[in-house]
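# Examining the three-dimensional arrangement
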Amino acid sequence: MLNDKIAIITGGTRGIGLETARTFAKNGAQVIIFGSRQETVDKAINELKKENLSVAGYCPSLNNYQEIEQTVKTILDRYGRIDTLVNNAGISADKPIEDTTPEEFDKVIDLNLRAVFYVTKAVVPSMKAKGDGVILNTSSMVSIYGQPSGVGYPASKFAVNGLTKSLARELAPAGIRVNAVAPGITNTDMVAALPPEMIEPLIKTIPLGRIGEPQDIANAFLFLASDLASYITGTILQVDGAARA
Ligand code: NAD
């Protein structure tokens, strides 16, 4: 479905990002993952290599626009183009507002929103020059419903939806589609660490009767990245088993 596409996936070293890297590579893409440390990037590359999937990786600081721009230039020099960008790196927050420091709030916004703007800004000129491209963002179920604490996280994801819908309109004339996937609770390291007594009641609230698997989310990214979605832009695709938490 993605034969010969050049795809960058941020936060591609584990969880949803790693599964998306695996799925894209299995579907013929040349995948380039961005991670926060060389060590975790190498670990992910080696894990996929054992499955005969060849991916590349870099670790620019996602808080530093110049570093991102330089890395994108290196990728363009090496591969000639970027077809697909998946802005997936993200951190969550769960403290009540009185316990959240301004610095903690900024940290969530810096990665979940500002970095999405930075990486997107760095790849758009080359996509515009070739006249097509796909930009996909990882939003969240909380971008629709909010959450009862950790306000920086839903605030950042509401903003990601705004960025997605607005850039879809701005970049459509240039042939660039922009969409987001909004996962419900998904079985990554973060969730696996939670005790069963916390997970079981949550599962009971999900009409499809289970939490999402990273593959469920990767499949949505695969569809939106592919030509099957060629008339879809500006959408926030909920992949949450109809959870309404
Ligand atoms: P994860 O913690 O397993 O993976 C997060 C990824 O982001 C990792 O690859 C990590 O290296 C990267 N990352 C974290 N901090 C970084 C930094 N400062 N700089 C660069 N990269 C950094 O989490 P996940 O569950 O796979 O989450 C991926 C995305 O999905 C996030 O945007 C998250 O908000 C979103 N999401 C997750 C769930 C869920 O239940 N797991 C639900 C909705 C949305």
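In what follows, the structure referred to is the one given above.
Summary of the structure given here. (Residues numbered from 1 in each chain as written. Predicted model: local features only at pLDDT ≥ 70, side-chain atom pairs only at ≥ 80, totals over all residues. Heavy atoms only, no water.)

## A short note on the overall build of the protein
Counting secondary structure elements, the protein contains nine helices and seven strands. At 17 Å, the protein has a C-alpha radius of gyration in line with the 18 Å of a compact globule built from 245 residues. Across its three principal directions, the C-alpha atoms of the protein cover 50 × 40 × 40 Å. For the protein, the proportion of contacts with a sequence separation of at least 24, taken over those separated by at least 6, is 73%. For the protein, the accessible area works out to roughly 12000 Å², and carbon and sulfur atoms hold 54% of it. The protein carries 24 positive and 26 negative side-chain charges, and their two centres are separated by 5 Å. (Helix = DSSP H or I, 4+ residues; strand = E, 2+ residues; numbered from the N terminus. Rg over C-alpha atoms; globule rule 2.2 N^0.38 Å. Contact = heavy atoms within 4.5 Å. Areas by Shrake-Rupley, 256 points an atom, 1.4 Å probe, with all protein chains shown as cover. Lys, Arg positive; Asp, Glu negative; His and termini not counted. Charge placed at Lys NZ, Arg CZ, Asp CG, Glu CD.)

## Section: the pairing of strand β6 (residues 176-183)
Of all the eight residues making up β6, eight are buried; the element is thus mostly covered by neighbouring parts of the structure. Burial along β6 is two-sided: I176, V178, A180 and A182 and R177, N179, V181 and P183, pointing in opposite directions, are all buried. By the bridge criterion, six bridges tie strand β5 (residues 133-138) to β6 in an arrangement that is parallel. Opposite T138, over in β6, you have V181 as the bridge partner. (Buried < 20%, exposed > 50% of the residue type's maximum accessible area, 1.4 Å probe, protein only. Pairing = 2+ DSSP bridges.)

## Focus on the pattern of salt bridges
One pass over the full model with this rule turns up 12 salt bridges. A salt bridge links R22 to E19, with the nearest nitrogen and oxygen atoms 2.8 Å apart. Of this pair, R22 and E19 both sit in helix α1 (residues 15-26), three residues apart, which is roughly one turn of the helix. Side by side, R22 and E19 carry an identical accessibility label, which is buried. Look at the salt bridges and you will find they share partners, linking E19, R22, E47 and E51 into a network. (Salt bridge = Lys/Arg side-chain N within 4 Å of Asp/Glu carboxyl O.)

## Let's talk about the packing of aromatic side chains
For the coordinates displayed, the defined rule picks out two aromatic pairs. Ring centres 5.7 Å apart and planes at 65° place the aromatic pair Y65 and Y118 in the edge-to-face group. With Y65 in helix α3 (residues 65-79) and Y118 in helix α4 (residues 102-130), the pair connects residues that are 53 residues apart, well separated along the chain. For the pair formed by Y65 and Y118, the shared burial category is buried. Judged by centre distance (6.1 Å) and plane angle (55°), the ring pair of F117 and Y118 falls under tilted. In this structure Y118 comes out as buried when scored by relative accessible area, which is 16%. (Phe/Tyr/Trp six-rings, centres within 6.5 Å; stacked < 30°, edge-to-face > 60°.)

## Regarding the pairing of strand β4 (residues 84-87)
Across the two faces of β4 the burial is the same, with T84 and V86 and L85 and N87 all buried. Here four bridges tie β4 to β5, and the two strands are oriented parallel to one another. Among the inter-strand pairings, N87 is bridged to a residue of β5, identified as N137. Note on the crossover from β4 through α4 to β5: the handedness is right-handed. (Right-handed = clockwise from strand over helix to strand, strands pointing away.)

## Let's talk about the site of the ligand
Near the ligand you find 25 residues, and of these T13, I16, N88, Y153 and T186 are the closest. Here an oxygen atom of the ligand and a side-chain polar atom of K157 are 3.0 Å apart. Across the complex, the protein chains shield 88% of the 820 Å² of accessible surface that the ligand would expose by itself. Going through the elements one at a time, α1, α6 (152-171) and α7 (189-192) are the ones with two or more residues in the shell around the ligand. Taken together, the residues of the shell around the ligand break down into 10 nonpolar, 13 polar and two charged. (Near = heavy atom within 4 Å. Polar contact = N/O pair within 3.5 Å; in protein donor to acceptor, adjacent residues only side chain to side chain. Nonpolar A, V, L, I, M, F, W, Y, C, P; charged D, E, K, R; others polar.)

## What about the sheet that holds strand β2 (residues 30-34)?
One open sheet holds the seven strands; their spatial order is β3-β2-β1-β4-β5-β6-β7, and the pairing between them is parallel. Each edge of the open sheet is held by one strand with a lone partner, namely β3 (56-58) and β7 (236-239). On average, adjacent strands in this sheet sit at an angle of 20° to one another, irrespective of strand direction. Taken strand by strand, α1 contacts β1 (6-10), β2, β4 and β6, and its axis lies near 170° from that of β1. Seen against the sheet, α6 touches β5, β6 and β7 and runs at an angle of roughly 160° to β6. (Axes fitted to C-alpha atoms, helices over the stretch in contact; angles between N-to-C directions.)

## Observations regarding the nonpolar core
Membership of the largest hydrophobic core comes to 32 residues, with the highest contact counts inside it found for I8, I32, F34, L62, I75 and I135. For this core, the element with the most residues is α4, which contributes nine residues. Not counting residues within four places of it along the chain, the set of residues in contact with I75 comprises I8, I32, F34, Y58, G80 and I82. If you look at the next biggest cluster of nonpolar residues, it comprises 28 residues, including L18, I45, V134 and L224. (Core = buried A, V, L, I, M, F, W, Y, C linked by side-chain atoms within 4.5 Å.)

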